[in-house]
2 protein chains.
Amino acid sequence: SGDDPHGVGRFMQLCVDRHYVSPGHTNTELFQRGVSCVYGPLGVELRRNLLEQWWRSVTRSSAQVFGINTLCRSRDTATGGRGQLGIVESGCLKHLIEKHELSKEQLIQELEKLIQRSTSLRTDFLQGALEQFVPSLDLVNRKLPFGLAEFGPCFRPSDGSDGPAEVTQTSLAWFCSPRTSSQWLDHWAQQRLKWWRKFALSPSDFSSIDVPAEELEEATSRGVRIVYSFPWGREPLETLWSRGHTELLQTHKGVHSKLQCRDGRKSVPHVVSVTGNMDRGVMAFLCNSLQQLKKEDGMQKLLRRKVLKLHPVLAPVKVALDIGRGANMELRQVRSTSIFCVAWRISETVPTSMEQLNAKYDEMGVLFAVVVSENTLESGLLQVRSRDTTIRETKHISEIKNFLSRYISAADNL
Amino acid sequence: SGDDPHGVGRFMQLCVDRHYVSPGHTNTELFQRGVSCVYGPLGVELRRNLLEQWWRSVTRSSAQVFGINTLCRSRDTATGGRGQLGIVESGCLKHLIEKHELSKEQLIQELEKLIQRSTSLRTDFLQGALEQFVPSLDLVNRKLPFGLAEFGPCFRPSDGSDGPAEVTQTSLAWFCSPRTSSQWLDHWAQQRLKWWRKFALSPSDFSSIDVPAEELEEATSRGVRIVYSFPWGREPLETLWSRGHTELLQTHKGVHSKLQCRDGRKSVPHVVSVTGNMDRGVMAFLCNSLQQLKKEDGMQKLLRRKVLKLHPVLAPVKVALDIGRGANMELRQVRSTSIFCVAWRISETVPTSMEQLNAKYDEMGVLFAVVVSENTLESGLLQVRSRDTTIRETKHISEIKNFLSRYISAADNL
């Protein structure tokens, strides 16, 4: 482990082997940098589950939050380029180069025109939320506070030769009265930390820290970061800023009357922004839920057992279904019946020992493995093995769906 | 209606007024073109619901389908640019122009380098699926058929001065044995048409047509389009192609051994691609579900009543909650109790007549309007009004959640 002091290499390999991250060195490097990589099918589902939980937590809470969408690319100039990354189609550039009759000066003029007409890729969702503030006022009857939420890919300017990077961001822009903005920042920081910890195996790895005064960004007066303690150090998952109303006014050309809201007295609201990086969130939960156990229960052998103890609502595969080698055609029909509509993935695997198969499922974080044997069709009985207890139970086919639903929703309501 | 022969203008205005589409001429124009626009909060939720239903229908069917993700931008050259749109950061271009010492030839050389190093925005998901085919083989034990699914924004080269457009696409790449590919194309075309019709108020507006031989694309041997009959003509919502294995081989540099799968005999699979445009899908369902009724039931007045009869699972607002003007603080607490976790949006509206309010909700497609009156806290009774029947019923607060859940899941299982 001299080459791999924090076990990072082994961790990455596990993520690749168990279909969380697609193979390839460039790809795992992106993943480790906390930007979007090509995920494997399990990673795709994990990120989906994480985003779904985030969306629920902000839009279905008692707070008034609406979903919005901004386009990936826009032509907006209201911000003077803040939050945006200018791009030019290389086809247009090629076309210019081929015009041999142009002098150097003419070429430069044409290039300048191209830059002026260039469109932008969004680098965050804040600008979109500031623009959508005015059309949303009708929905809330000009009453504060309320929020606008969005998630999806955002872009970062290239830092080297590799072109712009992509990050799966979440964003909540919270509009509130000036005198309450500081309390709201604290409220959301607390809510967000609670959310991250809810799904953690070891919650203390997630913490919140105040942004030091010297790191405050333009237009912000206070900041809080939710960070995760990775084996190689702390990295931010989510950042909250108290931003005042400067940017809101700037976006709407300083027209106070358009922006005024009611909350006791009339005022132009202040903005609290909450921005998360869900690619790094995926990595944090994978890191956090990997347990290395020294002893296989009930066995005499000393084994290293790795279990990815992802929270039940996050686990991409709730149930893996193994169909015995016999009676193939009839058993296949079991698969498509409604009992397995909770089995989000059904994996048919290489016939191998049950022990090896379960070890693989544990590393994938599969909650339950169900074995359909040759006599299941007659007896209706299935063997159900739990990831967390390693205990095998026999259950009737009619109980399974309810059992799983109850198990997952119990974990959700903890 | 001479200026607006198909009522398109009025329809667009309704979409804007009722928060499906964000205001602005450029924006409604994007919407009408069937590309991504800035949606209003209700439009965001409608698109989310539609995408969620699509995802379920492909990944939780009895067919073996895994979710994948490709990056918005990539540097891949395996395809020679197929499915990709080259871009250059305008910052880099600016930097070059400022180097005054460059001769024209040197400038052109530098520009050529920039083009060579340019990254690309994806124009569809097919290339990503072809690349993920090999790492996915392990999950299915090299057994055919199986599919790889993805959805999200894709880009289109600019057709004018407006820069690249954006479309919310869905993609299923289905890998099957060569001898079954034509049957699978028919199977998926049938499944997809069934899916669109499931949510329609008038299903016959959705239909499928074979792509004429002269419109076949390179590498495709057959095609089917799912189209919607808009008032101004038919437009495609989803396109299915039988594509053979040419592109799959090309992506993996012709290495047959890496690609061979089992389905009876060994073979390099054929690909059936299913690509949908969910921005146009949103427009189709909005068009399809708008009903204009001439008479308000139970009234003597002749009124034009507009109702957006969106399918219950698609409707963005299941319940609108109106809180009477009295007893404000206590009633507010009702709002945050669990009975309303099914109320995806809670709108507090300008006090106005009940009739006007219900007319507004009908145009928004709100399934049920619940009125919390001053004596609700004592009696526990609420008034529930249905969009589809316009009937008002009094229900106890404890029944509401179950009533709504049952109503929605009944509609889902039709």
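Before reading further, recall that the structure is shown in the block above.
Notes on the structure in this doc start here.

Definitions and cut-offs
- Starting afresh in each chain, residues are numbered from 1 along the sequence in its written order.
- Just so you know, chain letters begin at A and ligand numbers begin at 1, following the order they were written in.
- A pLDDT threshold of at least 70 governs which residues receive local features in this predicted model, and a stricter bar of 80 or more applies before side-chain atom pairs are shown or counted, although totals over entire chains, interfaces and linings include all residues.
- Water and hydrogen atoms play no part in the side-chain values, which are based on all heavy atoms of the structure.
- By the convention used here, residues are in contact when the closest approach between their heavy atoms is within 4.5 Å.
- Buried area: the sum, over both parts, of the accessible surface (1.4 Å probe) that disappears when the two are put together.
- The rule for a salt bridge is simple: a side-chain nitrogen of Lys or Arg has to be within 4 Å of a carboxyl oxygen of Asp or Glu.
- For this analysis, a polar contact is any N or O atom pair within 3.5 Å, provided that within protein one partner can donate a hydrogen and the other can accept it, and provided that sequence-adjacent residues contribute only side-chain to side-chain pairs.
- Put simply, DSSP H or I for four residues or longer makes a helix, DSSP E for two residues or longer makes a strand, and each gets a number counted from the N terminus.
- Only the stretch in contact is used when fitting a helix axis, every axis being a line fitted to C-alpha atoms; angles between N-to-C directions are given from 0 to 180 degrees.
- Between 65 and 115 degrees an angle is taken as roughly perpendicular, under 35 as roughly parallel, over 145 as roughly antiparallel, and anywhere else as oblique.
- Two helices cross in a left-handed way if the nearer one is turned anticlockwise from the farther one by less than a right angle. They cross in a right-handed way if the turn is clockwise.
- Throughout this entry, Asp, Glu, Lys and Arg are counted as charged residues, while Ala, Val, Leu, Ile, Met, Phe, Trp, Tyr, Cys and Pro are counted as nonpolar. The remaining residues, Gly among them, count as polar.
- Buried means the residue's accessible area, taken with a 1.4 Å probe over protein chains only, is under 20% of the maximum for its type, while exposed means over 50%, and partly exposed covers the values in between.
- The criterion for strand pairing is that DSSP finds at least two bridges linking the strands in question.
- Arc definition: directions from the helix axis to the C-beta atoms.
- The nonpolar core is taken to be a set of buried Ala, Val, Leu, Ile, Met, Phe, Trp, Tyr and Cys residues, with the residues joined through side-chain atoms within 4.5 Å.
- When the copies are overlaid, the least-squares fit takes in C-alpha atoms only where the residue has pLDDT of at least 70 in both copies.
- By this rule the span expected of a helix is its residue count minus one, scaled by 1.5 Å.
- Side-chain rings of Phe, Tyr and Trp, where Trp is taken by its six-membered ring, are said to pair if the distance between their centres is within 6.5 Å; with planes under 30 degrees apart they count as stacked, over 60 as edge-to-face, and otherwise as tilted.

## Overview of the interface of chain B and chain A
Part 1 of the argument: On the chain A side, the residues contacting the 79 residues of chain B number 80 residues.
Part 2 of the argument: Interface area for chain B against chain A, summed over the two sides, is near 7,100 Å², with a carbon-plus-sulfur share of 55%.
Part 3 of the argument: Scanning the region where chain B abuts chain A turns up two salt bridges.
Part 4 of the argument: Residues Arg48 of chain B and Glu52 of chain A are paired through a salt bridge, measuring 3.2 Å at the closest nitrogen-oxygen approach.
Part 5 of the argument: Seen at the junction of chain B and chain A, the total is 19 residue pairs in polar contact (both at pLDDT 80 or more).
Part 6 of the argument: Per element, the largest residue contribution to the side of chain B that touches chain A is eight residues, and it comes from helix α3 (residues 41–59) of chain B.

## What about the packing of helix α4 (residues 90–97) of chain A against helix α5 (residues 104–116) of chain A?
All names here are of chain A.
Part 1 of the argument: It is at 11 Å that the axes of α4 and α5 come closest, and there the two elements cross at 165 degrees. Comparing their axes, α5 and α4 come out roughly antiparallel. Handedness of the crossing formed by α4 with α5: right-handed. Facing Cys92, Leu93 and Leu96 of α4, the residues of α5 in contact are Leu107, Glu110, Leu111 and Leu114.
Part 2 of the argument: Split into classes, the residues belonging to the contact of α4 with α5 amount to six nonpolar, no polar and one charged.

## Observations concerning the pairing of strand β16 (residues 368–372) of chain B
All names here are of chain B.
Part 1 of the argument: Most of β16 sits inside the fold, with four of its five residues counted as buried.
Part 2 of the argument: As judged from the four bridges shared by β16 and strand β17 (residues 381–386), these two strands associate in the antiparallel manner. Residue Ala369 lies in a different strand from β17, and its bridge partner there is Arg385.

## Overview of unusual backbone geometry
Part 1 of the argument: Cis geometry is found at the peptide bond from Leu144 of chain A to Pro145 of chain A, where omega equals -10 degrees.
Part 2 of the argument: Looking at where Pro145 of chain A falls in the secondary structure, it is placed in the loop between α6 (126–140) and β5 (146–156).
Part 3 of the argument: Positive phi is not limited to glycine here, since Ala219 of chain B has a value of about 75 degrees.
Part 4 of the argument: Within the element layout of this structure, Ala219 of chain B appears in the loop between β7 (206–210) and β8 (222–230).
Part 5 of the argument: Taking the relative accessible area as the measure of exposure, Ala219 of chain B reaches 31% and is therefore partly exposed.

## Comments concerning helix α2 (residues 25–33) of chain B
Residues and elements named next belong to chain B.
Part 1 of the argument: Along α2, the positions that sit buried rather than exposed are Asn27, Thr28, Leu30 and Phe31. Down the axis of α2, the buried side of the element spans an arc of 155 degrees, and every buried residue falls inside it. Set apart from the buried face of α2 by more than 90 degrees, the exposed residues are His25 and Thr26.
Part 2 of the argument: Residues of α2 that are buried in the fold lie against α1 (8–17) and α10 (278–289).
Part 3 of the argument: The first or second residue beyond α2 is Gly34, which carries a positive phi of 80 degrees.

## Focus: the nonpolar core
Part 1 of the argument: Membership of the largest hydrophobic core comes to 200 residues, with the highest contact counts inside it found for Phe31, Phe175 and Leu286 of chain A together with Phe31, Phe175 and Leu286 of chain B.
Part 2 of the argument: If we ignore the near neighbours within four places in the chain, the residues touching Phe31 of chain B are Phe11, Met12, Cys15, Val21, Cys37, Tyr39, Val282, Met283 and Leu286 of chain B.

## Looking at the sheet that holds strand β8 (residues 222–230) of chain A
Residues and elements named next belong to chain A.
Part 1 of the argument: With respect to topology, seven strands assemble into an open sheet ordered β1-β5-β6-β12-β9-β8-β7, the strand pairing being mixed. This sheet does not close on itself; its edge strands, each paired only once, are β1 (65–67) and β7 (206–210). The sheet shows a mean angle of 25 degrees between the axes of neighbouring strands, direction not considered.
Part 2 of the argument: Sheet analysis places strand β6 (residues 165–176) next to strand β12 (residues 270–277), joined by eight bridges and oriented antiparallel. Across the sheet, residue Leu172 finds its bridge partner in β12, namely Val274.
Part 3 of the argument: On the sheet, helix α3 (residues 41–59) packs against β1, β5, β6 and β9 (233–242) and is oriented at approximately 155 degrees with respect to β5.
Part 4 of the argument: The sheet strands contacting helix α10 (residues 278–289) are β6, β7, β8, β9 and β12, and the helix crosses β8 at an angle near 40 degrees.

## Focus: the relation of the copies chain B and chain A
Part 1 of the argument: For these two chains of identical sequence, chain B goes onto chain A by a turn of 180 degrees and a shift of 0.0 Å along the axis, with RMSD 0.0 Å. This pairing of chains is accounted for by a two-fold axis.

## Quick word on the side chain of Thr28 of chain A
Part 1 of the argument: Note on placement: Thr28 of chain A falls in helix α2 (residues 25–33).
Part 2 of the argument: Judged by relative accessible area, Thr28 of chain A falls into the buried class, the value being 15%.

## Some remarks on the pattern of salt bridges
Part 1 of the argument: Using the criterion set out here, one finds 34 salt bridges over all chains in the structure.
Part 2 of the argument: The closest approach of N and O atoms between Asp186 of chain A and Arg222 of chain A, which form a salt bridge, is 2.7 Å. Taken together, the positions of Asp186 of chain A in helix α7 (residues 181–198) and Arg222 of chain A in strand β8 put the pair 36 residues apart, joining distant regions of the chain.
Part 3 of the argument: Arg192 of chain A is the salt-bridge partner of Glu238 of chain A, the closest N and O atoms lying 2.9 Å from each other. Linking Glu238 of chain A in strand β9 with Arg192 of chain A in helix α7, this pair joins segments that are 46 residues apart in sequence. Both residues of the pair, Glu238 of chain A and Arg192 of chain A, count as buried.
Part 4 of the argument: In this structure, a network of salt bridges that share partners links the residues Glu45 and Arg48 of chain A together with Glu52 and Arg56 of chain B.

## Concerning α7 of chain A
Residues and elements named next belong to chain A.
Part 1 of the argument: In this model, α7 (18 residues) spans 25 Å end to end at C-alpha, consistent with the 26 Å of a helix rising 1.5 Å per residue.
Part 2 of the argument: Along α7, the residues that are buried comprise Ser181, Leu185, Trp188, Ala189, Arg192, Leu193, Trp195 and Trp196. The arc that holds the buried residues of α7, viewed along the axis, is 155 degrees, so those residues lie on one side. For α7, exposure combined with an orientation more than 90 degrees from the buried face picks out Gln183, Gln190 and Lys194.

## Some words on the packing of α1 of chain B against α10 of chain B
Residue and element names in this part refer to chain B.
Part 1 of the argument: Their axes nearest at 11 Å, the elements α1 and α10 cross at an angle of 105 degrees. Judged on the interaxial angle alone, α10 and α1 are roughly perpendicular. Only Met283, Leu286 and Cys287 of α10 make contact with α1, whose side of the interface consists of Phe11, Met12 and Cys15.

## Structural notes on the sheet that holds strand β1 (residues 65–67) of chain B
Residue and element names in this part refer to chain B.
Part 1 of the argument: Taken together, the seven strands give an open sheet; going across it, the order is β1-β5-β6-β12-β9-β8-β7, and neighbouring strands pair in mixed fashion. Only two strands of the sheet have a single neighbouring strand rather than two, namely β1 and β7. Here the strands of the sheet are splayed against their neighbours by 25 degrees on average, with no regard to which way each runs.
Part 2 of the argument: Taken together, the five bridges between strand β9 (residues 233–242) and strand β12 (residues 270–277) define a ladder with antiparallel strand orientation. Bridge assignment links Ser242 to a residue of β12, and that residue is Val272.

## Here we look at the packing of aromatic side chains
Residues and elements named next belong to chain A.
Part 1 of the argument: Taken as a whole and judged by the stated rule, the model has 42 aromatic pairs over all chains.
Part 2 of the argument: Plain terms: the ring middles of Trp196 and Phe285 are 5.7 Å apart, the flat faces sit at 15 degrees to each other, and that makes the pair stacked. Of this pair, Trp196 sits in helix α7 while Phe285 sits in helix α10, placing them 89 residues apart in sequence.
Part 3 of the argument: For Trp196, a relative accessible area of 0% puts it in the buried group.

## Quick notes on the environment of Thr70 of chain B
All names here are of chain B.
Part 1 of the argument: Structurally, Thr70 can be placed in the loop between β1 and β2 (73–74).
Part 2 of the argument: Placed 286 residues apart in sequence, Thr70 and Gln356 show a C-alpha to C-alpha distance of 47 Å.
Part 3 of the argument: In this structure Thr70 touches Arg122, Phe125, Gly128, Ala129 and Glu150, once residues within four positions along its chain are discounted.

## What about the side chain of Ser273 of chain A?
Residues and elements named next belong to chain A.
Part 1 of the argument: Take Ser273: it is sitting in strand β12.
Part 2 of the argument: Among the polar contacts made by the side chain of Ser273, one reaches the side chain of Arg243 at a distance of 2.9 Å.
Part 3 of the argument: With sequence-adjacent residues up to four places away left out, Ser273 is seen in contact with Leu126, Leu172, Thr239, Leu240, Trp241 and Arg243.

## Description of the environment of Thr170 of chain A
Residue and element names in this part refer to chain A.
Part 1 of the argument: Following the sequence through the fold, Thr170 ends up in strand β6.
Part 2 of the argument: When the C-alpha positions of Thr170 and Val370 are compared, they lie 35 Å apart, and in sequence the two are 200 residues distant.
Part 3 of the argument: In this structure Thr170 touches Leu51, Trp54, Glu150, Phe151, Glu238, Val274, Thr275, Gly276 and Met278, once residues within four positions along its chain are discounted.

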